[in-house]
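The primary structure of each chain is shown beneath.
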Amino acid sequence: MAAAAAAAARVKLALVQLAVGAQKAANLANARSRVLEAARAGAQMVMLPECFNSPYGTQYFGEYAEEAGGESTAALAAMAREAQVYLVGGSIPERAGGRLFNTCTVWGPDGALLARHRKVHLFDIDVPGGITFRESDVLQAGDALTEFGTPWGRFGVAICYDMRFPEMAMIAARRGCVGMLYPGAFNTTTGPLHWELLLRARAVDNQIFTAGCSPARDAAVTYPTWGHSTIVDPLARVVATTGDAPDIVYGDLDMQLVEDTRRSIPVSTQRRFDLYPDVASQ
Ligand SMILES: *[C@@H]1O[C@H](CO)[C@@H](O)[C@H](O)[C@H]1NC(C)=O
């Protein structure tokens, strides 16, 4: 709580719901102009969507992948510096040691790398008579939880399907994070069912801000993206959201609300870890 008390009181967060196409250079240029637009509108923290430099699909990851220091991460560092914002750089296919990861990098306003999250839960689904999508055919899972510090408090980062695993957000909150940030790309089936519900659930369980940033619906429909980039407050109210078109979603986050919510509904101090110390052992 001491850290939270020392943190600046309000931050303007922007979610860039980017139109992502097949041309990587065009995606990077478009991201740059939208991040600068958000900064001109007063945003101090900006998030880009999952897979913002490449179409989303296992068939694209190898072609679009880059090593650390490649053109996309260089572009993100330059954007953060030029716009003078904390930049949660969506995600990109990353190549490291001959393997591919779905990776989010976070940058400070000086262009320094603050954190790197490699998606830890790979999206493998096989619906009988429906779709099959196996990220693990081409991607490796990351093996770490990720946080970074800002003048407004610490934030956790996770990617898309990671949102369905409540432990990550709970651990971040118990370590003192004031928010969880999720670049993600739900589809038009799971989006209306669960996207907002999961953001609100992670917020209400942990009394933190949550935000999910999606690409806009792809005109070529290589993947049926739900969009609806959304910011939720610690009382689980939707602060701001949008439809499926390219847009920038803004929210003014009052960090005092984290402490106030935790004080008025004290679930964080009333847990019975004597009854459920380790749910994995049940
Ligand atoms: C979206 O993904 C779910 C599984 O997560 C799948 O059942 C569904 O068919 C997909 N919808 C579309 C429109 O691809």
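From a predicted model like this one, the values you see are computed outputs, not experimental measurements.

1. Concerning the site of the ligand
(1) Moving on: Around the ligand, the surrounding shell consists of Phe 123, Ile 125, Val 127, Ile 131, Asn 187, Thr 188, Thr 189, Thr 190 and Pro 224.
(2) Moving on: Within the side chain of Asn 187, one N or O atom sits 2.4 Å away from an oxygen atom of the ligand.
(3) Moving on: Thr 189 is positioned such that a nitrogen or oxygen atom in its side chain is 2.7 Å from a nitrogen atom of the ligand.
(4) Moving on: Its residues assigned to classes, the shell around the ligand comprises five nonpolar, four polar and no charged.

2. Points about the UniProt feature "domain: CN hydrolase" (unreviewed entry) in the protein
(1) Moving on: Mapped onto this numbering, the UniProt entry annotates "domain: CN hydrolase" (unreviewed entry) at residues 11-255.
(2) Moving on: Across residues 11-255 one finds 26% helix and 30% strand; the C-alpha atoms that close the span lie 8 Å apart.

3. Focus on the sheet that holds strand S12 (residues 209-213)
(1) Moving on: Sheet architecture is open: six strands sit in the order S9-S10-S11-S12-S13-S14, paired in mixed fashion. Looking at the sheet topology across the chains shown, the edges are occupied by strand S9 (146-150) and strand S14 (238-240). Pairs of neighbouring strands in the sheet enclose a mean axial angle of 25 degrees, with direction left out of account.
(2) Moving on: Examined bridge by bridge, S9 and strand S10 (residues 153-157) share five bridges and lie antiparallel to one another. Residue pairing across strands places Thr 146 opposite Val 157, the latter belonging to S10.
(3) Moving on: Each of strand S11 (179-183), S12, strand S13 (230-232) and S14 touches helix H6 (residues 190-206); the most contacted strand, S12, lies at about 155 degrees to it.

4. Some details on unusual backbone geometry
(1) Moving on: Within the chain, Cys 51 stands out as a residue other than glycine whose phi angle is a positive 55 degrees.
(2) Moving on: Mapped onto the elements, Cys 51 comes out in the loop between strand S2 (45-47) and helix H3 (58-64).
(3) Moving on: Given the relative accessible area of 3%, Cys 51 is considered buried.
(4) Moving on: Phi is positive for His 228, close to 55 degrees, though the residue is something other than glycine.

5. Thoughts on the side chain of Lys 119
(1) Moving on: Following the sequence through the fold, Lys 119 ends up in the loop between strand S6 (113-118) and strand S7 (124-126).
(2) Moving on: A polar atom in the side chain of Lys 119 sits 3.0 Å from the side chain of Glu 135.

6. Re the state of the cysteines
(1) Moving on: With the rule as written, the count across this model stands at zero disulfides.
(2) Moving on: Free of any disulfide, Cys 104 has its nearest cysteine sulfur in Cys 213, 10 Å distant.
(3) Moving on: Since its relative accessible area comes to 0%, Cys 104 is described here as buried.
(4) Moving on: A relative accessible area of 0% means that Cys 213 is categorised as buried.

7. So, the nonpolar core
(1) Moving on: Grouped together as the largest cluster of nonpolar side chains are 46 residues, with contacts concentrated most on Leu 13, Leu 15, Met 45, Val 88, Phe 148, Leu 181 and Met 255.
(2) Moving on: With sequence-adjacent residues up to four places away left out, Val 88 is seen in contact with Val 46, Met 47, Leu 48, Cys 104, Thr 105, Val 106, Phe 148, Val 157 and Leu 181.
(3) Moving on: Listed in part, the 24 residues of the second largest apolar core include Leu 28, Ala 31, Phe 52 and Ala 83.

8. Here we look at the pattern of salt bridges
(1) Moving on: With the rule as written, the count across this model stands at 16 salt bridges.
(2) Moving on: Between Glu 82 and Arg 32 there is a salt bridge whose closest N-O contact spans 2.7 Å. A residue pair is termed long-range when its members are at least 10 positions apart, and Glu 82 in helix H4 (residues 71-83) and Arg 32 in helix H2 (residues 24-40) qualify at 50 residues.
(3) Moving on: Residue class for Arg 32 comes out partly exposed when judged on its relative accessible area of 36%.
(4) Moving on: Connected via shared salt-bridge partners are Glu 50, Lys 119 and Glu 135.

9. Here's the deal with the packing of aromatic side chains
(1) Moving on: Counted under the stated rule, the structure contains nine aromatic pairs.
(2) Moving on: On the basis of an interplanar angle of 25 degrees and a centroid distance of 6.1 Å, the ring pair of Phe 148 and Phe 155 is categorised as stacked. Phe 155 shares its class with Phe 148; the two are buried.
(3) Moving on: Each ring, one from Phe 273 and one from Tyr 276, has its centre 5.8 Å from the other, and the planes form 80 degrees; the classification is edge-to-face.
(4) Moving on: Here a set of aromatic residues connected by ring pairs shows up, and it is made of Tyr 56, Phe 61 and Tyr 223.
(5) Moving on: When the ring centre of Phe 101 is taken as origin, the NZ or CZ atom of Arg 118, which lies over that ring, is 4.1 Å away.

Scoring rules and cut-offs
- Residue numbers restart at each chain and count upward from 1, following the sequence in its written direction.
- Residue-level local features of this predicted model are given only where pLDDT is at least 70; pairs of side-chain atoms are given and counted only at 80 or more, and the full residue set underlies all totals for whole chains, interfaces and linings.
- Side-chain measures here rest on the full set of heavy atoms in the structure, leaving out hydrogens and waters.
- In these notes, residues near a molecule or strand are those with any non-hydrogen atom within 4 Å of it.
- Polar contacts here mean pairs of N or O atoms no more than 3.5 Å apart (in protein, one a potential hydrogen donor and the other a potential acceptor; neighbouring residues in sequence count only if both atoms are side-chain atoms).
- Think of it as three bins: nonpolar holds Ala, Val, Leu, Ile, Met, Phe, Trp, Tyr, Cys and Pro, charged holds Asp, Glu, Lys and Arg, and polar takes everything else, Gly as well.
- UniProt positions are given in the numbering used here, feature names are shortened, and annotations may be inferred rather than shown by experiment.
- A helix here means a DSSP run of H or I that spans at least four residues, while a strand means a run of E at least two residues long, and both kinds are numbered starting from the N terminus.
- Only strands that DSSP links by at least two bridges are regarded as paired with each other.
- Orientation is described by lines fitted to C-alpha atoms, with helices fitted over the stretch in contact, and by angles between N-to-C directions that extend from 0 to 180 degrees.
- Note on contacts: a residue pair is in contact if any heavy atoms of the two residues lie within 4.5 Å.
- Remark: exposure states derive from per-residue accessible area (1.4 Å probe, protein chains only) relative to the maximum for the residue type, with buried under 20%, exposed over 50%, and partly exposed in between.
- Throughout, a disulfide means two cysteine sulfur atoms within 2.5 Å of one another.
- Only buried Ala, Val, Leu, Ile, Met, Phe, Trp, Tyr and Cys residues count toward a nonpolar core, and they belong to the same one when joined by side-chain atoms within 4.5 Å.
- Salt bridge, as used here: a side-chain nitrogen of Lys or Arg that lies within 4 Å of a carboxyl oxygen of Asp or Glu.
- Two aromatic rings, drawn from Phe, Tyr or Trp (for Trp, its six-membered ring), form a pair once their centres lie within 6.5 Å of each other, and the interplanar angle then sorts them: stacked below 30 degrees, edge-to-face above 60, tilted otherwise.
- Each ring is checked for a lysine NZ or an arginine CZ that lies within 6 Å of its centre and within 35 degrees of its normal; such an atom marks a charge sitting over the ring.

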